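Fold and geometry: a report
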Amino acid sequence: MYIVLLGPPGAGKGTQSKNLAVKLGLPHISTGDILRQNVKDGTELGKQAKGIMDKGLLVPDELVAKMLDERFNNPDIKKGFILDGYPRTLPQAGTLDQIMASKGLSVDLVVYLDSSDKVIIERLGGRLVCSKCGALYHVTNMPPKAKDLCDKCQGALYQRSDDNEVTVSKRLEVYKKEVASLIEYYTKAKKLYRLNADLEAGVVLNQITDLAHKVK
Ligand code: AP5
């Protein structure tokens, strides 16, 4: 089953994708995570993307499409995936359809995680990420057991460089400019389901799981 999670920064796409991936036994593919890994590894893509990401802008389509196409060559996506962070624009939605069609695949379900600005700002201001395994925490909502250490692998927790006030506000602005056309696209395709992502994470996870079972 091929699932896309849409939603503003901080809606919980990463949190839900990671848990859903375990529940459904599917790989979690996050364009943000792949880009951050490239930045960390100092690849050519990472060098091009770093400044753009720090400004809260979108990395050029052709770079992200190439990166995704390469990721989709991995046989682990044979039974499906949870895609997080792509598409973000109408042209990207078209590109996704094209790349998938070229591999004989198509998107089954698009879940739109809707969240309020107030919640988003509070969540991103307190997000912590594990430097080793990528697990997500929040200083108050989902605190780690030991301060600044990952519960799962004991890796050091850090704050993302784009989680500062100025960049978050730019990311939200970019998101709001693009999202309406994506909603229209997937509504027309009868693939879109909207959920209230301000709710507790476990509640949202159960709702997405129910949708996945219903659509399957
Ligand atoms: P990306 O990494 O995709 O960032 P984003 O879309 O801004 O989303 P986030 O990762 O910030 O939030 P999330 O919804 O995953 O929330 P999370 O689960 O972490 O992209 C980063 C950058 O890369 C972009 O700005 C762009 O430059 C570039 N990029 C990526 N994809 C691209 C593309 N397709 N095209 C071009 N450029 C691209 O949760 C946030 C916090 O809230 C956590 O602390 C979590 O613990 C907490 N939390 C989550 N859910 C709940 C809940 N239900 N209740 C309480 N707390 C919760």
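Here the residue numbers are simple positions, counted from 1 along each chain's written sequence. pLDDT decides what is reported in this predicted model: residues at 70 or higher carry local features, side-chain atom pairs at 80 or more are listed and counted, and totals for whole chains, interfaces and linings draw on all residues regardless. Processing note: side-chain calculations cover all non-hydrogen atoms of the structure and skip hydrogens and water entirely.

On to the sheet that holds strand β5 (residues 127-130). Strand order in the open sheet formed by 3 strands is β6-β5-β7, with antiparallel pairing between adjacent strands. Each having just a single partner strand, β6 (136-138) and β7 (157-158) make up the two edges of the open sheet. The pairing criterion is simple: DSSP has to find at least two bridges between the two strands. Secondary structure follows DSSP: runs of H or I at least 4 residues long count as helices, runs of E at least 2 residues long count as strands, and numbering of each begins at the N terminus.

Between two packed helices, both the angle of their axes relative to each other and the distance between the axes serve to describe the pair. Axis geometry follows a simple rule: fit a line to the C-alpha atoms, using only the stretch in contact for helices, then measure angles between N-to-C directions, giving values from 0 to 180 degrees. Their axes nearest at 11 Å, the elements helix α2 (residues 31-41) and helix α4 (residues 61-72) cross at an angle of 100°. Here α2 is positioned roughly perpendicular relative to α4, judged by the angle of their axes. Residue-level contacts link Thr31, Ile34 and Leu35 of α2 to Val64, Met67, Leu68 and Arg71 of α4. Amino acids outside the nonpolar list (Ala, Val, Leu, Ile, Met, Phe, Trp, Tyr, Cys, Pro) and the charged list (Asp, Glu, Lys, Arg) are all regarded as polar, and Gly is one of them. Counted by class, the contact of α2 with α4 contains 5 nonpolar, 1 polar and 1 charged residues. Each angle receives one of four descriptions, namely roughly parallel if under 35 degrees, roughly antiparallel if over 145, roughly perpendicular if within 65 to 115, and oblique otherwise. Working rule for contacts: check all heavy atoms of both residues, and any pair within 4.5 Å makes them a contact.

Salt bridge, as applied in this entry: a Lys or Arg side-chain nitrogen positioned within 4 Å of an Asp or Glu carboxyl oxygen. Summed over all chains, the structure comprises 16 salt bridges. With its nearest N and O atoms 2.8 Å apart, the salt bridge here joins Asp33 to Arg36. Residue Asp33 and its partner Arg36 are located together in helix α2, separated by 3 residues, close to a single helical turn. Throughout, exposure labels follow a simple rule: accessible area from a 1.4 Å probe, protein chains only, divided by the maximum for the residue type, with under 20% read as buried, over 50% as exposed, and the rest as partly exposed. Classification of Asp33 by relative accessible area gives partly exposed; the value is 33%. Between Glu70 and Lys66 there is a salt bridge, with the nearest N and O atoms lying 3.4 Å from each other.

In the contact formed by helix α6 (residues 117-125) and helix α7 (residues 165-188), the axes pass within 11 Å of each other and the chain directions differ by 140°. Of the possible angle classes, the one that applies to α6 and α7 is oblique. As for the relative orientation of α6 and α7, their crossing is right-handed in sense. Judged by residue contacts, Asp117, Ile120 and Leu124 of α6 engage Val168, Arg171, Leu172 and Lys176 from α7. Of the residues in the contact of α6 with α7, the class split is 4 nonpolar, no polar and 3 charged. The hand of a helix crossing depends on one turn: near helix anticlockwise from the far one by less than a right angle means left-handed, and clockwise means right-handed.

As a further point, take the site of the ligand. Nearness is defined per residue: one heavy atom within 4 Å of the molecule or strand is enough. Near the ligand, the surroundings consist of 36 residues, among which Thr15, Leu57, Arg88, Arg127 and Arg171 are the closest. Here an oxygen atom of the ligand sits 2.7 Å away from a polar atom, N or O, in the main chain of Tyr137. Pairing of N or O atoms within 3.5 Å defines a polar contact, subject to two protein rules: one partner must be a possible hydrogen donor and the other a possible acceptor, and residues neighboring in sequence count only if both atoms are side-chain atoms. Arg160 is positioned with one of its side-chain polar atoms (N or O) 2.9 Å from an oxygen atom of the ligand. Per-residue and other accessible areas follow the Shrake-Rupley method at a 1.4 Å probe size, with only the shown protein chains counted as cover for residues. Relative to its free-state accessible area of 1000 Å², the ligand is covered by the protein chains to the extent of 96%. Those elements giving two or more residues to the shell around the ligand turn out to be α1 (13-24), α2, α6 and β6. No other element matches α2, which puts 4 residues into the shell around the ligand. Considered class by class, the residues forming the shell around the ligand number 17 nonpolar, 10 polar and 9 charged.

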